[in-house]
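Coordinate inspection notes
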Amino acid sequence: MSAAPKIDAGLYDCRDTFARTMESLAEADERIVVVVNDSVGSSKLGGFKKRWPERTINVGIAEQNMVGVGAGLANGGKIPFVSCASCFLTGRALEQVKADVAYSNTNVKLCGQSPGIAYGELGPTHHSIEDLAWLRPLTNLLTIVPSDPEEMEAALRFAAAYEGPVFVRVSRYPVPAVPHTRVGVEPGKAEVLRAGDDVAILAHGVMLSRALAAADRLAAEGVSARVVNMAWMNPLDVGAVIDAAGTGAVVTVEEASVRGGLGGAVAETLALNRPVPMEMVGFPGFVPTGSVDFLFEHFGLTAAGISAAALKAISRKRQ
Amino acid sequence: MSLTLAPAPVSGADRIDLVRAKALGIRRCAFTMVHDAQLGHPGGDFSAADVLASLYFGVMRYDPAEPRHPDRDRFIMSKGHCTGAFYSVLALAGYFPEAQLKTYMQPLSKLNGHPNRNYLPGIETNTGPLGHGLPVAVGIAIAGKLSGKDYRTFVLTGDGELQEGSNWEAAMAAGHHRLNRLTVIVDRNRLQQGDRTESTNGLDPLDDKWRAFGFHVEMIDGHDHAALLDVLGADPAGRDKPLCVIANTIKGKGVSFMEDNVSWHHGVPNADQFAQAMKELI
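Now for a description of the structure that goes with this document. (Residues numbered from 1 in each chain as written. Chains lettered and ligands numbered in written order. Predicted model: local features only at pLDDT ≥ 70, side-chain atom pairs only at ≥ 80, totals over all residues. Heavy atoms only, no water.)

Buried accessible area, meaning the area lost when the parts come together, often serves as the stated size of an interface. Taken together, the contact between chain A and chain B spans 23 residues of the former and 25 residues of the latter. Interface of chain A and chain B: buried area, both sides summed, is about 2,000 Å²; carbon and sulfur atoms make up 51% of it. Summed over the three residues of chain A that lose the most area to chain B, namely Asn65(A), Asn75(A) and Tyr103(A), the buried surface amounts to 29% of that side. In this structure, the connection of chain A to chain B is made through zero salt bridges. Along the contact surface separating chain A from chain B lie 16 residue pairs in polar contact (both at pLDDT 80 or more). Of all the elements, helix α3 (residues 63-75) of chain A adds the most residues to the side of chain A that touches chain B, at nine residues. Of the residues in the side of chain A that touches chain B, the class split is eight nonpolar, 10 polar and five charged. (Contact = heavy atoms within 4.5 Å. Buried area = accessible area lost by both parts, 1.4 Å probe. Salt bridge = Lys/Arg side-chain N within 4 Å of Asp/Glu carboxyl O. Polar contact = N/O pair within 3.5 Å; in protein donor to acceptor, adjacent residues only side chain to side chain. Helix = DSSP H or I, 4+ residues; strand = E, 2+ residues; numbered from the N terminus. Nonpolar A, V, L, I, M, F, W, Y, C, P; charged D, E, K, R; others polar.)

Shown next, in the form of structure tokens:
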């Protein structure tokens, strides 16, 4: 694993890893192509385009066509990585994602760039807090939400090698390296990052390092919090969720709507298998104007907010 | 391995006779399926039958025994609701037994109301929602160009379907990339589900639209087998742009009481209508 460039005091932009890994994959396999919607810059694919202009298929601002073209490229033997802001990829082109990629079961890799509230002040038209809920019923579309450069690279390498549709959520928010306990990513396998018995915090993506920070705060208060990396939304590690319920209280944390995403998936699993008190940290719906940091703070997607949710879940199990 | 036309190629008048016979076979099979299932879209099956017969029995290179051969010509049925005709031509071409057509839309059948590439050989992509075929065809054609392959890509759209904006996104890309091995065929029967296209959201001048998007355009009688074979079979190496064939057709073509009648978009026949139609389809 090559080192990603640090952007600020030990923080990384996973798009840099995305760009570097795509070039590495393309060097090794000429079937790899990228498909973009005038998003070469925002996907950080300028270097890729310079090296392989003919393998950079820019359809312009036309997301429905972009996803259909991806499916067609797969039909013609290519391995297309369709890279576009997640709000437009999963919103504007949702029917193409459903019919041309998932239902047709084509070898297309969808890369949802700058998901969640990454576009901050630009507002809910450009936010993608719905993507996980929209994609989750597409059961054969493997869906991963990487948390840091290491996991991003592993997810992309997995996607390239896997024969079938994959969605990778590519965040731009600066994140620290997460101390992973595993190498690579195995579909449907959660990763227990920290043991704990009082409460389990299930998180992924940008929120994973914040869940670890919340566990530190809780430990200082004598609360033992398990932290589980639920990078795979689909397939979901049902066993890990049921195990988490063994602590008696569960908190989900995601940079997404609390309806239908990780929180929804975990709630379904708990209700069907092992109901325990649960709290969901995420966004309740369209968010007001504000920077990313303001919105994270405002809605409690912080170490303090997560630990407060954990204490609330614990208090409910003692009722 | 290079692919040849399957079944064995024939030429001249024999070829036109073969296509005519297959088109009739498509109509008879499709209407039987629709009658038995009491479901389907027979009007559009009939308007497309001659285009399908021409492609599969006079133009395309494919091998039903190797349906995903990398060098095959691709056909995409973008008007995916017309599975009566599409499944029939696939069966007649040898992709699966004709007897399987009897299962059309029956519980757990591989012959779903709209085509699924994972259920049956010969289907390139799952269609049904309109405006999906052309973008996929554009991707296939770009892949062929990147790989230096000489396969051709054909896509058949309805005319009402062209009201979907995704078609024009794809058309713009096809023109931009000068995808000369891509052919769009418009089944121009001038009727959509509820009314005439021109009374709903008019498409004319349709040829000018395609030209403006960078296509070479041919307007032909979509039931004239000689014209279809001539235009669809022309060597694309002679063009530097994609081809759009506007096939002027008649919805319900071949059965007197169905022709140009919007109620047969998804109308289904009773026993008397079925018997009358089969008498005419000879």
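Back to the text.
Right, let's talk about the layout of surface pockets for a bit. Each pocket or cavity is described by its volume, and for the largest pocket that value is around 390 Å³. In terms of lining, the largest pocket is formed by 20 residues, of which the most central are Ala74(A), Asn75(A), Gly77(A), Glu163(A) and Arg117(B). Class assignment for the residues of the lining of the largest pocket results in four nonpolar, seven polar and nine charged. Estimates place the volume of the second largest pocket at around 250 Å³. Lining the second largest pocket are 18 residues; nearest its centre among them are His81(B), Leu130(B), Glu161(B), Gln192(B) and His265(B). Of the residues in the lining of the second largest pocket, the class split is three nonpolar, nine polar and six charged. (1 Å grid on protein atoms, 1.4 Å probe; cavity = no way out; pocket = protein on both sides within 12 Å on 5 of 7 lines; lining within 4 Å. Points joined across faces, edges and corners; volume = space filled by probe spheres on them.)

This paragraph deals with the sheet that holds strand β6 (residues 166-170) of chain A. One key point about sheets: their strands pair by backbone hydrogen bonds, in either a parallel or an antiparallel sense. All names here are of chain A. Taken together, seven strands build an open sheet; the order of strands is β2-β1-β3-β4-β6-β5-β10 and the sheet is mixed. Of all the strands in the sheet, the pair left with one neighbour each is β2 (56-58) and β10 (232-234). When the angles between neighbouring strand axes are averaged without regard to direction, this sheet yields 20°. As judged from the five bridges shared by strand β1 (residues 32-36) and strand β3 (residues 79-85), these two strands associate in the parallel manner. By the bridge assignment, Val33 is partnered in β3 with Pro80. Here helix α1 (residues 14-28) sits on the sheet and contacts β1, β3, β4 (109-113) and β6; the angle it forms with β1, its principal contact strand, is near 140°. (Pairing = 2+ DSSP bridges. Axes fitted to C-alpha atoms, helices over the stretch in contact; angles between N-to-C directions.)

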